[in-house]
Amino acid sequence: MISKVEERLQALGVVLPQVPAPVAAYVPAKRVGDIIYSSGQTAWENGILRYPGRVGGTVTLNEAVQSARICAINCISALRSVADLDRIDILKVTGFVNADADFGDHPAVINGASELIIAAFGERGRHARCAVGTASLPSSASVELEILAVSVD
Amino acid sequence: MISKVEERLQALGVVLPQVPAPVAAYVPAKRVGDIIYSSGQTAWENGILRYPGRVGGTVTLNEAVQSARICAINCISALRSVADLDRIDILKVTGFVNADADFGDHPAVINGASELIIAAFGERGRHARCAVGTASLPSSASVELEILAVSVD
Amino acid sequence: MISKVEERLQALGVVLPQVPAPVAAYVPAKRVGDIIYSSGQTAWENGILRYPGRVGGTVTLNEAVQSARICAINCISALRSVADLDRIDILKVTGFVNADADFGDHPAVINGASELIIAAFGERGRHARCAVGTASLPSSASVELEILAVSVD
């Protein structure tokens with residue numbers, strides 16, 4: 001039996017991938033008590049890093065939005081590895097955008113993640129958020145995302 | 001009846017603004033159980049983004065300190081939308097400084113936020129903090145700040 | 001009587017330093033209830049900032065790994081100031097790497113911190129993690145690290 005969160009995602013054509021394998025000495029998500037943190041996820045999809053590069057440069061705004069959406073899918077997959085998706089409330093999303101120095105539309109980029117999260121989790125998916133620019137990201141990813149959630153009921 | 005936190009702020013000449021409207025698909029602050037996260041706030045004041053630009057470049061250190069202070073005011077306003085300010089303990093502040101590559105005085109910038117927070121919350125305002133540089137920020141803001149707090153008693 | 005965590009560190013030749021003095025208006029670590037956050041730490045060691053500069057530029061990958069390791073030692077020292085190290089579970093590590101724009105191996109850098117944390121805390125040291133690049137860091141440090149932990153049992 002799959003979760004309602006996954007049912008909603010499937011209605012959008014999204015099937016959660018296997019939990020992303022960490023590329024280093026950490027775990028995809030950690031839970032201590034009711035608090036759950038995903039590791040930072042980039043836009044790996046079927047073994048390929050999608051939309052690498054710098055937003056505002058070689059990566060367009062629309063591509064960056066798609067990149068953020070894939071990051072969110074990978075984060076949700078990571079959360080699923082330690083929690084029941086139907087029993088978590090999304091507290092905070094942090095989005096790092098690998099952007100040109102004169103880029104200023106980080107919120108529009110990270111909306112690609114936020115909108116998917118809200119579609120998947122409904123009211124519990126509404127979250128606080130921070131979106132900032134970075135000078136570089138692992139493997140030249142265009143976006144990196146992390147999610148902090150709390151297990152409820 | 002206003003909170004003691006707001007009384008202390010008013011003694012400093014600070015009146016909390018209306019909670020900042022999110023510019024995207026998120027909420028100004030989220031509370032799950034006792035844990036409260038503000039969204040990242042920049043120096044919007046009366047509809048104008050104050051002190052935009054790069055610290056160490058077109059934005060001076062003193063202007064950046066003022067920018068951080070306004071960010072803190074906006075974060076506190078966001079926290080107020082989901083919690084009683086007199087019943088929260090400030091756990092962590094993260095400050096992102098849109099700085100030149102050779103800038104190194106991020107702590108002095110974010111002190112503009114930390115000192116206001118301590119003035120407003122007293123002993124409960126003492127916090128862990130992380131201050132880093134960013135390559136870009138939404139709308140070319142000079143500082144972005146977020147606050148993690150916990151509801152107590 | 002020292003903690004088992006410190007015993008394991010000493011077996012690796014690491015003696016925790018005095019808690020790092022904050023360089024600004026914050027505390028080295030804050031605890032509210034069971035949740036503990038260290039402040040961001042850089043590679044200060046015996047009063048000297050080790051390995052300053054930009055990773056991929058003047059700072060080599062191996063030096064950056066060492067820088068991250070010292071950051072982790074300083075974070076653990078900060079956590080010790082507010083908690084019993086034998087009773088905390090490491091939830092999340094965030095690593096900021098002051099890197100060249102074309103650098104992409106942030107995970108390898110932050111492994112210098114993660115591996116020390118796992119060696120010190122064992123199973124409880126396994127953590128979620130986010131590693132990103134920054135355009136600048138305080139005093140031109142090459143790495144800044146923060147740890148979120150939860151007190152258990």
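Quick look at the structure, then. (Residues numbered from 1 in each chain as written. Chains lettered and ligands numbered in written order. Predicted model: local features only at pLDDT ≥ 70, side-chain atom pairs only at ≥ 80, totals over all residues. Heavy atoms only, no water.)

## Digging into the interface of chain C and chain A
Thought 1: Each partner contributes to the interface: chain C provides 33 residues, whereas chain A provides 25 residues.
Thought 2: Together, the buried faces of chain C and chain A total about 2100 Å²; carbon and sulfur atoms form 64% of this surface.
Thought 3: The tally of links from chain C across to chain A stands at two salt bridges.
Thought 4: At the boundary of chain C with chain A, the tally comes to 13 residue pairs in polar contact (both at pLDDT 80 or more).
Thought 5: When residues in the side of chain C that touches chain A are grouped by element, the largest group, seven residues, is from strand β6 (residues 128-134) of chain C. (Contact = heavy atoms within 4.5 Å. Buried area = accessible area lost by both parts, 1.4 Å probe. Salt bridge = Lys/Arg side-chain N within 4 Å of Asp/Glu carboxyl O. Polar contact = N/O pair within 3.5 Å; in protein donor to acceptor, adjacent residues only side chain to side chain. Helix = DSSP H or I, 4+ residues; strand = E, 2+ residues; numbered from the N terminus.)

## Examining the relation of the copies chain C and chain B
Thought 1: Rotating chain C by 120 degrees and moving it 0.0 Å along the rotation axis overlays it on chain B with an RMSD of 0.0 Å. Here the symmetry operator amounts to a three-fold rotation axis. (Least-squares fit on C-alpha atoms with pLDDT ≥ 70 in both.)

## Describing the relation of the copies chain C and chain A
Thought 1: Each copy of the sequence occupies a distinct position, and chain C is placed on chain A by a rotation of 120 degrees and an axial shift of 0.0 Å, giving an RMSD of 0.0 Å.
Thought 2: When the interface residues of chain C are mapped onto chain A, a mere 15% of them again lie at the interface, so each copy presents a different face.

## Focus: the interface of chain C and chain B
Thought 1: Each side of the interface is counted separately: chain C has 25 residues, and chain B has 33 residues.
Thought 2: Taking both partners together, chain C and chain B bury about 2100 Å²; carbon and sulfur atoms supply 63% of that area.
Thought 3: A per-residue breakdown of the area chain C buries against chain B is headed by C:Ala25, C:Lys30 and C:Val32, which together make up 25% of the total.
Thought 4: For the pair chain C and chain B, the number of links is two salt bridges.
Thought 5: Of the charged contacts, one joins C:Glu146 and B:Lys92 as a salt bridge, the two residues approaching to 2.7 Å between their closest N and O atoms.

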